[in-house]
Amino acid sequence: PKANGELGAASFVISESSKIRFTTLLTQFRDSPTPDMKMPTDLTNTERKYIHELARGLGLKSKSEGKAPNRFIKVWKTTQTAVSRDVE
């Protein structure tokens, strides 16, 4: 168990509609010319964890920055992401 009785991100679920929304958002970002993006600050720990895993699966890099309540995820492309996109 974590400090203060926290259960950790694994004990929470993320809705299917949120999964679809985040997948659509990151896929559109990956396929766009934009080099990086910031996710909203109102995400839960579980949503942030899901976005990090999704970004990695899409060939993107991600990092949480800041402290609550202003914590956010920055997502960016690697040179490999750009090369993969050009080949498709």
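See the structure printed just above.
On a predicted model such as this, the values are computed, not experimentally measured, just so you know.

Q: With reference to specific residues and values, describe the nonpolar core.
A: Within the largest apolar cluster, 15 residues are counted, with the highest numbers of intra-cluster contacts made by Phe22, Leu26, Met39, Ile51, Leu60 and Val75. Counting residues per element, the ones that place at least two in this core are helix H1 (16-30), helix H2 (45-57) and strand S3 (72-77). The greatest single-element share of this core, amounting to four residues, is contributed by H2.

Q: Lay out the packing of aromatic side chains in plain terms, naming residues and giving numbers.
A: Applying the stated rule across the entire model yields one aromatic pair. Geometrically, the ring pair formed by Phe22 and Tyr50 is tilted, given 6.5 Å between the ring centres and 40° between the ring planes. Taken as a pair, Phe22 in helix H1 and Tyr50 in helix H2 lie far apart in primary sequence, 28 residues in all. Above the plane of the ring of Trp76 lies Lys74, whose end atom (NZ or CZ) is 5.9 Å from the centre. Over the face of the ring belonging to Phe29 we find Lys77, whose NZ or CZ atom lies 4.9 Å from the ring centre.

Q: Describe the environment of Ser17, naming the residues involved and giving the relevant values.
A: Structurally, Ser17 is set in helix H1. A relative accessible area of 52% means that Ser17 is categorised as exposed. Polar contacts involving the side chain of Ser17 include one to the side chain of Ser15, which spans 3.2 Å.

Q: Give a detailed account of H1, specifying residues and quantitative values.
A: For H1, built from 15 residues, the straight-helix expectation of 21 Å at 1.5 Å per residue is met to within 8% by its first-to-last C-alpha distance of 21 Å. Along H1, the residues that are buried comprise Ser18, Phe22, Leu26, Phe29 and Arg30. Across the axial projection of H1, the buried residues extend over an arc of 100°, all falling on one side. Opposite the packed face of H1, turned more than 90 degrees from it, sit the exposed residues Glu16, Ser17 and Gln28.

Q: Summarise the packing of H1 against H2; cite the residues concerned and give the values.
A: With their axes 11 Å apart at the nearest point, H1 and H2 run at an angle of 40° to one another. One finds that H1 runs oblique with respect to H2. Between H1 and H2 the crossing geometry is right-handed. Residue-level inspection shows Ser18, Lys19, Arg21, Phe22, Thr23 and Leu26 of H1 in contact with H2, the latter providing Glu47, Tyr50, Ile51, Leu54 and Ala55. Classifying every residue of the contact of H1 with H2 by side-chain character gives six nonpolar, two polar and three charged.

Q: Tell me about the sheet that holds S3, and please be specific about residues and values.
A: Pairing is antiparallel in the open sheet, where three strands are placed in the order S1-S3-S2. The strands lining the two open edges of the sheet, one partner per strand, are strand S1 (36-38) and strand S2 (60-65). Going across the sheet, the axis of each strand differs from the next one's by a mean of 20°, ignoring polarity. Both S2 and S3 contribute to a ladder of six bridges, which runs antiparallel. Across the sheet, residue Ser64 finds its bridge partner in S3, namely Ile73. Against the sheet, H1 engages S1, S2 and S3, with an angle of about 35° to S3. Across the sheet, H2 is in contact with S2 and S3; its angle to S2 comes to roughly 155°.

The rules we used
- Position labels on residues start from 1 in each chain and follow its written sequence.
- For a predicted model such as this one, the threshold for reporting local features is a pLDDT of at least 70, and the threshold for listing and counting side-chain atom pairs is 80 or more; totals across whole chains, interfaces and linings nevertheless cover every residue.
- Just so you know, side-chain values use all the structure's heavy atoms and leave hydrogens and water out.
- Think of a nonpolar core as a cluster: buried Ala, Val, Leu, Ile, Met, Phe, Trp, Tyr and Cys residues, connected wherever their side-chain atoms sit within 4.5 Å.
- Here the term buried applies to any residue with accessible area under 20% of the maximum for its type, exposed to any over 50%, and partly exposed to those in between, with areas from a 1.4 Å probe on protein chains only.
- Only DSSP runs of H or I with at least four residues qualify as helices, and only runs of E with at least two residues qualify as strands; both kinds are numbered from the N terminus onward.
- Any pair of Phe, Tyr and Trp rings, taking the six-membered ring for Trp, is counted once the centres come within 6.5 Å. Such a pair is stacked with planes under 30 degrees apart, edge-to-face with planes over 60 apart, and tilted for the rest.
- Counted as over-ring charges are cases with an Arg CZ or a Lys NZ within 6 Å of the ring centre that also lie within 35 degrees of the ring normal.
- Any pair of N or O atoms that falls within 3.5 Å is considered a polar contact. Within protein, one atom must be able to donate a hydrogen and the other to accept it, and sequence-neighbouring residues count only if both atoms are side-chain atoms.
- To estimate the expected span of a helix, subtract one from its residue number and multiply by 1.5 Å.
- It is the directions from the helix axis to the C-beta atoms that the arc portrays.
- Orientation is described by lines fitted to C-alpha atoms, with helices fitted over the stretch in contact, and by angles between N-to-C directions that extend from 0 to 180 degrees.
- Here is the rule for angles: anything less than 35 degrees is roughly parallel, anything more than 145 is roughly antiparallel, 65 through 115 is roughly perpendicular, and the remaining ranges are oblique.
- By definition, turning the near helix anticlockwise from the far helix through less than a right angle yields a left-handed crossing, and turning it clockwise yields a right-handed one.
- Whether two residues touch is decided by their heavy atoms; if any such pair falls within 4.5 Å, the residues are in contact.
- Residues are grouped as follows: Ala, Val, Leu, Ile, Met, Phe, Trp, Tyr, Cys and Pro are nonpolar; Asp, Glu, Lys and Arg are charged; all remaining types, including Gly, are polar.
- Pairing between strands is defined by DSSP: at least two bridges between the two strands are required.

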